[in-house]
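Residue-level listing of the chains:
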Amino acid sequence: MGAGASRSQASSWLAENGPKELELLFRAIVYHPAAPILIADNDRNYRDASAGAGKILGLPRDKIIGCRLDDFSSPGFKPQISQIWRAFLEEGEQEGTLQLVTPDGNLREVEYTAKVNVLPVRHILVLRDKTSAETEHDEKDRTPSWVQDYALFLLDGDGRIATWYSGAERIYGYKTNEALGQHVSALYPSEDALSLRLQEELKRTAAEGHFGNEGWHVKKDGDRFWANVITMALKDEKGKLQGFARVVRDFGERHEKDEKLRRSRARTRPIPAESTIAGVVSGEFDRIPEVNDAFLEIVGYSPEDLQSGRLQWSELTPPEYSALDELAHEEGLRFGACTPYEKELLRKDGTRVPVLVATAVLKLSPFRWITFVQDLRERDRLESVNEEYADVEDEFEEIVGSSAALRRIQQQVEVVAPTDANVLILGETGTGKELVARAIHRLSPRKDRPFITLNCAAIPTGLLESELFGYERGAFTGALGQKIGRFELAHRGTLFLDEVGDIPLDLQPKLLRALQEKAFERLGGTKTIPIDVRLVAATNRNLTQMMGDKLFRSDLYYRLKVFPITTPPLRDHPDDIPILVRHFTKKYAEKMNKQIDKVPTETMRAMVSWPWPGNVRELENFIERSVILSRGPSLRAPLAEIRPDALEGPINSTLEQVEREHIVRVLRETDGVISKAATRLGVPRTTLNAMMRKLGVSRKDL
């Protein structure tokens, strides 16, 4: 199929499926806020509602969806609704007052702001209860701009605008005919590196499923606004990328408030493992189908309450924590999981219980989540905070840095470590996934038990099963004795499977069965061996894409991804680079008996500005090489390797020299693994081997 036909097919797929996917993404964003938000169609039917709408209307969200605006109106006001709604559809925007009746019969005067067609035949209503204490606040506080309107649109696979709806017209000022076909970069202030940055964002979105960020956007009239952007990759049933769904909100008002909340949100105090009750609750939107017994104990509800639907997540939170909950929801949309934070939950008997919560987003379309809840009552009774805090600081001594991105990772580790939940660590090569796994083990009740690791990519495919499960004598030719596998070695401890995406498809069912049944058989054996193992897995591969390509089982994926943690690439937290540089310089200087106490300003500036595609591992290797080259008290770094203007080599370099240097650099970044280097270079492994022989590249060059 030619490129033109392929683009035409993708365009047809977007036209047919894009609006439905965009609506699901939109619902994931709207359902949580405490502000009362309703999504309605042309016939005044409610298609979705926020948690705040449920509170103002006195009904859970699922009881609002499918109702009409008329169903909540007072009898005397109903005759006016049809006329008001018709005028709204013609005008496109409207403000006014509604008279609503709650299920208990109380009459409420509710102000509203309405905007038409954020999606085709999908309109937004934001309500304000005039009878509540909110009227004491000014207009801006009561109806923030970020809930009033939304820019929703679709991009094709190249980042060009494929559809453009009314909310996008209102926010950016471009009419549909002006926006269609334009590259999304037109919505950003111009800057030198913009094109590369947007390409990287779309690439990450395609790999990770969705991506969120904030930054300056520009309107048609030149005005700038601080935008919150959530982008979701759209793929067909075969897993092929067809385009992107995007929701943009004006966070000008909210940005400063969120930053204040983040600064004021104190770092959580550690919780003694032996006194921790870990509750687990998961759901789709606000529906809670699954909780564990520990969570029911924390909130004082029974299994019968859960089955009857009396357990509503939105009803468990006191109103004063709504701002923290909304911030956590936004962090989940952007980062996949929120920074753990302390709050209170309302028990069935009306009392409150202090808890630490952390929520991970499992899926955006439809919106699925899982939350870990830890009871803090015992910790608050112990009050030995200072000694415990020092102990926990030591557990993260290998994770060097002080950025918000690393603190988020540390706090997620603190929340999930005391549980037995499986953890899936996602991230690029060299981002410290094994360090996170070790920290989880050290903070868990299993810390005095074995921590067993297995790199699934480093073991030949035919030997991986025996490495995992062991074998009996005579199981195959060469099996001269019994071998104990990694699962058995990790009994009552933690098993860390690195590069889990490299496990062959035919071995995955046996791994899944061992995890589900907590037992296995050695190769050639008939005895079932019970195991008690906490599994932590890691990968730099796109498991979602692999599932679409039938290379990774979906049931195994969801078994591993009970609590996902994403380690950020170094380019996302460059403020940690100076700390890492000093740490690695000290480490290798001591190892080589050298005295290096100065890093030149020019050297540090060059290292901070370099994107480090190999992440922390590449930086560490670079510093080790620099320490070797240093002959005095000042670090002497080979800056030619990382200066952007040195990428193409010296002016007098031959093409062969440039090729050789580039191959050596990539091999260093991938720790000399030929297959990984070949993937990075975009050539087959055999081709890379031939190039290395031709250019005289060998292990000693690394």
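That block above? That's the structure.
Now for a description of the structure that goes with this document. Every value quoted in this text rests on a predicted model; they were computed, and no experiment measured them.

**Considering the overall build of the protein**
A count of helical and extended segments in the protein gives 28 helices and 22 strands. The buried share of the protein, reckoned over its 702 residues, is 51%. Considering only residue pairs separated by 6 or more positions, the protein has 61% of its internal contacts joining residues 24 or more positions apart. Of the roughly 32,600 Å² of accessible surface on the protein, a fraction of 49% belongs to carbon and sulfur atoms.

**Things to note about unusual backbone geometry**
Residues Ser365 and Pro366 are joined by a peptide bond in cis, for which omega reads -5°. One non-glycine residue, Phe285, lies in the positive phi region at around 55°. Relative to the elements of secondary structure, Phe285 occurs in the loop between β11 (278–284) and β12 (287–291). Positive phi outside glycine occurs at Asn593, with the angle close to 55°.

**What to know about the packing of aromatic side chains**
Within this structure, the stated rule accounts for 19 aromatic pairs. Summarising the aromatic geometry, the rings of Phe153 and Trp164 are spaced 5.0 Å apart at their centres and angled 50° between planes, so their arrangement reads as tilted. Here the residue Phe153 occupies a position in strand β6 (residues 151–155), and Trp164 occupies one in strand β7 (residues 161–164), the gap between them amounting to eleven residues. This pair shows no difference in class: Phe153 is buried, exactly as Trp164 is. With a centroid separation of 4.9 Å and an interplanar angle of 90°, the aromatic rings of Phe372 and Phe563 are classed as edge-to-face. You can see Phe372 sitting in strand β15 (residues 368–375) and its partner Phe563 sitting in strand β22 (residues 563–566), a full 191 residues away along the chain. According to the relative accessible area criterion, Phe372 is buried, its value standing at 1%. Each member of the aromatic cluster is reached from another via a ring pair, and the members are Phe153, Trp164, Tyr172 and Phe225.

**Some points on the sheet that holds β15**
In sheet architecture, strand pairing relies on hydrogen bonds along the backbone and comes in two forms, parallel and antiparallel. Strand order in the open sheet formed by five strands is β12-β11-β15-β14-β13, and the pairing between neighbours is antiparallel. A strand with exactly one partner marks an edge of an open sheet, and here the two such strands are β12 and β13 (341–346). Between one strand axis and the next, the sheet turns through 40° on average, direction left out of account. For β11 and β15, the ladder comprises seven bridges, and the chain directions are antiparallel.

Calculation rules
Residues numbered from 1 in each chain as written. Predicted model: local features only at pLDDT ≥ 70, side-chain atom pairs only at ≥ 80, totals over all residues. Heavy atoms only, no water. Helix = DSSP H or I, 4+ residues; strand = E, 2+ residues; numbered from the N terminus. Buried < 20%, exposed > 50% of the residue type's maximum accessible area, 1.4 Å probe, protein only. Contact = heavy atoms within 4.5 Å. Areas by Shrake-Rupley, 256 points an atom, 1.4 Å probe, with all protein chains shown as cover. Phe/Tyr/Trp six-rings, centres within 6.5 Å; stacked < 30°, edge-to-face > 60°. Pairing = 2+ DSSP bridges. Axes fitted to C-alpha atoms, helices over the stretch in contact; angles between N-to-C directions.

Honestly, it's all geometry; don't read function into it.
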